[in-house]
Amino acid sequence: MKKFETLTSQVVPLPIENIDTDQIIPARFLKATTREGFGNNLFRDWRFDSDNQPKADFVLNSPIYSGKILVAGKNFGCGSSREHAAWAIQDYGFDVVISSFFADIFKGNALNNGVLPIQVPEEFLEKIFELVHQNPNTQIIVDLEKQTVMLTETGDQFEFEINPYKKSCLINGYDDIDFILNQKDLIESFETTKKW
Amino acid sequence: MSKTLVEKIWDAHVVKREEGFPDIIYIDTHLIHEVTSPQAFDGLRKRGIPVFRPKQTVATADHNVPTLNQHLPIKEELSRYQVDMLTKNCAEFGIELYGLGHPYQGIVHVIGPELGITLPGKTMVCGDSHTSTHGAFGAIAFGIGTSQVEQVFATQCLLQSKPKTMKIEVNGTLQKGVGAKDIILYIIAKISAAGGTGYFIEYAGSAIRSLSMEARMTICNMSIEMGARGGLIAPDQITFDYVEGREFAPKGEEWDQALAYWKTLYSDEDAIFDKVLTFDAADIAPMITYGTNPGMGMGITEHIPATNAQPESERPSYQKALDYMGFKDDSTVLGNRVDYVFIGSCTNSRIEDLREVASFVKGKQKAQDVEVWIVPGSKQVEKQAKEEGLDKIFEAAGFQLREPGCSACLGMNEDKIPAGKYCVSTSNRNFEGRQGPNARTMLVSPLTAAAAAVTGKVTDVRELI
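Just so we're clear, the structure is a prediction, and the values are computed from it rather than from any experiment. Within every chain, residues take consecutive numbers counted from 1 along the sequence as written. Each chain gets a letter, beginning with A, and each ligand a number, beginning with 1, in the order they are written. In keeping with the predicted nature of the model, local features appear solely for residues at pLDDT of at least 70, side-chain atom pairs appear and are counted solely at 80 or more, and the whole-chain, interface and lining totals rest on all residues. The side-chain values count all of the structure's non-hydrogen atoms but skip hydrogen atoms and water molecules.

Notes on empty space enclosed by the protein
Residues and elements named next belong to chain B. In plain terms, the rule: For cavity detection a 1 Å grid was placed over the protein atoms alone, and a set of points counts as a cavity when a 1.4 Å probe fits there but cannot get out; an open set counts as a pocket when protein lies on both sides within 12 Å along at least five of seven lines, with lining residues being those that have an atom within 4 Å of a point. Grid points are joined across faces, edges and corners, and a volume is the space filled by probe spheres set on the points. Residues are grouped as follows: Ala, Val, Leu, Ile, Met, Phe, Trp, Tyr, Cys and Pro are nonpolar; Asp, Glu, Lys and Arg are charged; every other residue, Gly included, is polar.
What the rule picks out here adds up to four cavities of 30 Å³ or more. Along the wall of the largest cavity there are 24 residues; nearest its centre are His63, Asp128, His130, Leu410 and Arg434. Looking at the lining of the largest cavity residue by residue, the classes come out as eight nonpolar, eleven polar and five charged. Empty space within the second largest cavity amounts to approximately 70 Å³. Considered class by class, the residues forming the lining of the second largest cavity number five nonpolar, three polar and one charged.

Some words on the interface of chain A and chain B
We count it as follows: By definition in these notes, contact holds between two residues if any of their heavy atoms fall within 4.5 Å. Summed over both partners, the accessible surface that disappears when two parts come together, traced with a 1.4 Å probe, is what is meant by buried area. Whenever Lys or Arg places a side-chain nitrogen within 4 Å of a carboxyl oxygen from Asp or Glu, that contact is recorded as a salt bridge. Polar contact is defined as a pair of N or O atoms within 3.5 Å, subject to the rule that within protein one atom must be able to donate a hydrogen and the other to accept it, and that residues adjacent in sequence are counted only when both atoms are side-chain atoms. Counting from the N terminus, the helices are the DSSP runs of H or I reaching at least four residues and the strands are the DSSP runs of E reaching at least two.
Taken together, the contacts link 56 residues of chain A with 72 residues of chain B. Summed over both partners, the interface of chain A with chain B buries about 5,200 Å², with 60% contributed by carbon and sulfur atoms. The interface formed by chain A and chain B includes seven salt bridges. Two residues, glutamate 314 of chain B and lysine 74 of chain A, come together in a salt bridge whose shortest N-O distance is 2.7 Å. Where chain A touches chain B, the interface holds 24 residue pairs in polar contact (both at pLDDT 80 or more). Contributions of two or more residues to the side of chain A that touches chain B are made by helix H1 (21-24), helix H2 (44-47), helix H3 (84-92), helix H4 (104-111), helix H6 (164-172), helix H7 (176-181) and helix H8 (184-193) of chain A. Considering only residue class, the side of chain A that touches chain B consists of 22 nonpolar, 14 polar and 20 charged.

Structural notes on the domain arrangement of chain B
Residues and elements named next belong to chain B. We apply this condition: Just so you know, the domain bounds were taken from an automatic or database domain assignment.
When its domains are assigned, chain B resolves into domain 1 (5-160), domain 2 (164-235 + 267-283) and domain 3 (288-463). Here the C-alpha centroids of domain 2 and domain 3 sit 22 Å apart. Between domain 2 and domain 3, a total of about 1,500 Å² is buried, with carbon and sulfur atoms accounting for 51% of that surface. Of all residues in domain 2, Lys181, Glu214 and Glu225 give up the largest surface area on contact with domain 3, accounting jointly for 34% of the area buried on that side. On inspection of domain 2 and its partner domain 3, the count reaches one salt bridge. Notably, a salt bridge pairs arginine 429 with glutamate 225, separated by 3.1 Å at the nearest N-O pair. The tally of links from domain 2 across to domain 3 stands at eleven residue pairs in polar contact (both at pLDDT 80 or more). Going through the elements one at a time, helix H6 (180-191) and helix H8 (213-221) are the ones with two or more residues in the side of domain 2 that touches domain 3. In the side of domain 2 that touches domain 3, the residues fall into eight nonpolar, five polar and five charged.

Details of the pairing of strand E4 (residues 116-119) of chain A
Residues and elements named next belong to chain A. Put simply, the rule reads: Here the rule is simple: two strands pair whenever DSSP picks up at least two bridges between them. A crossover gets the label right-handed when its path from the first strand over the helix to the second runs clockwise, viewed with the strands pointing away from the viewer.
Pairing of strand E3 (residues 96-99) with E4 involves four bridges; the strand directions are parallel. The residue bridging valine 96 from the neighbouring strand is leucine 116, located in E4. Chirality of the crossover, the property in question, places the unit of E3, H4 and E4 among those that are right-handed.

Topic: the packing of aromatic side chains
Stated precisely, the cut-off is as follows: Here the aromatic set is Phe, Tyr and Trp, taking the six-membered ring for Trp, and pairing holds for ring centres within 6.5 Å; pairs whose planes are under 30 degrees apart are stacked, those over 60 apart are edge-to-face, and all others are tilted. Per-residue accessibility, obtained with a 1.4 Å probe over protein chains only, is compared with the maximum for each type, and a residue is labelled buried under 20%, exposed over 50%, and partly exposed between these values. Cation placement over rings: the criterion is NZ of Lys or CZ of Arg within 6 Å of the ring centroid and within 35° of the ring normal.
Taken as a whole and judged by the stated rule, the model has 25 aromatic pairs over all chains. Between phenylalanine 179 of chain A and phenylalanine 21 of chain B, the ring centres sit 5.4 Å apart and the planes meet at 20 degrees, which makes this aromatic pair stacked. Of this pair, phenylalanine 179 of chain A sits in helix H7 while phenylalanine 21 of chain B sits in the loop between strand E1 (14-16) and strand E2 (23-26), which puts the two residues in different chains. Residue phenylalanine 179 of chain A is classed as buried on the basis of its relative accessible area, which comes to 18%. Relative accessible area serves as the criterion here: at 29%, phenylalanine 21 of chain B is assigned to the partly exposed category. Grouping aromatic residues by their ring pairs yields a cluster made of Phe43, Trp46 and Phe58 of chain A. Seen from the ring of tyrosine 266 of chain B, lysine 8 of chain B lies directly overhead, with NZ or CZ sitting 4.0 Å from the centre.

Concerning the pattern of salt bridges
Under the defined criterion, the tally for this structure stands at 38 salt bridges over all chains. For aspartate 11 of chain B, the salt bridge is made with lysine 3 of chain B, and the minimal N-O distance between the two is 2.9 Å. Assessed through its relative accessible area of 26%, lysine 3 of chain B is described here as partly exposed. Where glutamate 18 of chain B meets lysine 16 of chain B, a salt bridge forms, and the shortest distance between an N and an O atom there is 3.2 Å. Classification of glutamate 18 of chain B by relative accessible area gives partly exposed; the value is 33%. Since its relative accessible area comes to 25%, lysine 16 of chain B is described here as partly exposed. Each of Arg35, Glu83, Asp175 and Asp178 of chain A together with Arg47 and Glu150 of chain B takes part in a single network of salt bridges with overlapping partners.

Thoughts on the pairing of E2 of chain B
Residues and elements named next belong to chain B. Every second residue of E2 is oriented toward a common face, with Asp23 and Ile25 on one face and Ile24 and Tyr26 on the other, all of them buried. In this sheet, E2 lies alongside E1 in antiparallel orientation, the contact comprising two bridges. In the strand pairing of E2, valine 14 is matched with isoleucine 25. Relative to strand E8 (residues 157-160), E2 is paired through four bridges, and the arrangement is antiparallel. Looking across to E8, one finds that aspartate 23 is bridged to glutamine 160.

As for the side chain of threonine 441 of chain B
All names here are of chain B. Within the secondary structure, threonine 441 is located in strand E19 (residues 440-443). A polar atom in the side chain of threonine 441 sits 2.7 Å from the side chain of glutamine 435. In contact with threonine 441, other than residues within four places in its own chain, are Thr289, Gly291, Met325, Cys423, Ser425, Arg429, Asn430 and Gln435.

The structure is reproduced here in C-alpha cells:
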C-alpha cells in the first residue's frame, strides 16, 4: 500500500445521498480477477448512457470539476461489500472521499487500500458543496497527521476522527496482514484453548 | 458482568486486545465465492504464503453462474474465467469447493446453514455483505472486503473494532399474509438505510421467537440494508432442532458438548445495549419498496411519502429515486404494472419460500405478460422442491424454475431485468441498476411476489388468501 501524504486538491462534488456500491461499480463489471482497471467503470451507469457515450450532465464528465477528492452525500458506500468500489475510486484517481456519513464496510475497504474516508458534519459538507458550486477551483487541504480538512478559501477547518492504528497504517503504507502475521504464535495458542 | 449475546461471542474470539488497536478476532469459518476471492488468492501468491486454515474455509460458485443449463460450460467468457479461477485457486490452496455440478452447490448463504456449517456461537465471514444471514443461528457473521478475505486466508483472524450493540424487539402476532420479509422491510423503512450503521443487531421478542430458522435467516440477511454490520438471534430449541443431524453439524458426544455451550448463548437479562427499539408485529402490513434503497419501503396499501415531507437536503435524492422508478409522490403503487417477478436470492430462495409460493399459486396461472423466475438457493433446495412436486405446480402456473445461483438479485449473469421494466422481487436490494441497467425493482415477500405473478400488477395478497 502506498503511503498517504498531505494532500491539497480541488474537489469533485457529488451531492447525492445513499450512494451504494452498485452505483460506484455495477456488478456486471466485477468479473475481473485483478485489482486494476476498475476506474474506467466508476459510476458507470451515471457516467455513460446505454450507447457508452459520456453523459454531459454527470460531474465526472464535466470539464469544470477535477481533483483527487470526491465529496458525496451521506451514507456513502452502502450496500454490497465489494472492495471493487474502493479499487474503482482509487484507480480513477481519488485519494480522499469526504461525506457526512459512511457505510461501515466501504469505510474499511477504503482504508485498506489507502483511500482516506473523512466524515464531516452535515453543515461542513453543505459548506463544501456551496463553495465548490460558487467556485469550482476551491481547494481543500487534507492533513492526515493533524487529522484536519481545511477549505483554503475560507479557512474553515474540521478535525476529523480516525482510528489511531489505521492512521499509522496509512501514513506508513503498511496493512493489517503484515500486522497480524507477526503475531501468528498468539493465534496458534488461541486455537488450542478454544472450546467451540 | 452481564453481557449481550454479541459480547459473549465476540469476547470468546478475541485473540488479542490492546488499547488503541482494533481487536484481533478469530474467525471460525470463512465462506468464499468466485467474485471477491481471486484478488485475495493473488495476494497470498505475492506474499508467498499458504491459506493458514484451509479446512475452515468453504467455497462455492454462485454470483455469476448461469441459472439455465448448468451442465454445459458457462457461455459468458468472463464468468467462465472467474469460475474456473475459483476451481484452480481452491485446488492450489487445498480448499473444499462445492462448484457447479456439485450436489451441494448453491448461494453461499443458503448452503452454509443447510450443510450444518453455520452453527451457534461461531464467528463467520465471507466477502459478501449478506453474510449477516448466518446470524440467525446465534453466530457473529458479517461481510468483508477482499483485503480482509486475504487477511483471513493468511491468519484466520481479522482486525476489528468491537461493534456497538442494538436490540430490536418485535412483539405480538403477525397479520395473515405477513411474513419475515415484511418484518425486516418494515424495520428498515422505520430506521432508514443507514439507521443500523456501526451496530450489531440482536433481534428479539415474541414475533421473532416464533419464526422458523429459514424465516429468521430472512430477517438477519437484510441487517446490512440498514447499514448494520450484522444481525443475530439467540439460539433456541428451534435452532437446535434445525441444526441436529445436518452433514457437518457435530455428532454424538461433540453434539452434547456443543449443545451445552449453545444453551449459554443469550443476552443476560440486565445486559446493556447501546440502543433498543421495539415494534408491534400487528402494525406490520405486507411491505413493498417504492424507491432505490431498501429504506424506501411502505405498507402495500399506503401512499408514497411526499417529496416535500422529506428534510430539505434530502429532497433531490428522494425525487431522483422516484423519477428513476417512474413513480409520483403521494400516489399508490397498488395496481402498478409488473413485467417480471423474481423469486430467489439469499433472502428468499429456501424451501419454505418455494413451498409458500407453490401453495399460493397451486391451481392458478401467471398473468399473461409477466415473466416469472424462481431460482432456488441451492441444488439441495432444487432437489427437495422436485421431490415435493413443487416444480409441477410452478410449471402448471407458467413459472420458470431455474437452477441455483444469485441470479437476478444482482444481474451479474444473464438474468437481467431490461431497462424500464418493473420487477417485483424477493431479493434484498432495489438500488438503481441492481437487476440490470435502468431496471426498476420493488422488494417484497415471496407471497406478495406470487400474488403479483398471478395478477400481473402490484397486489395486496391479503385480498387473495
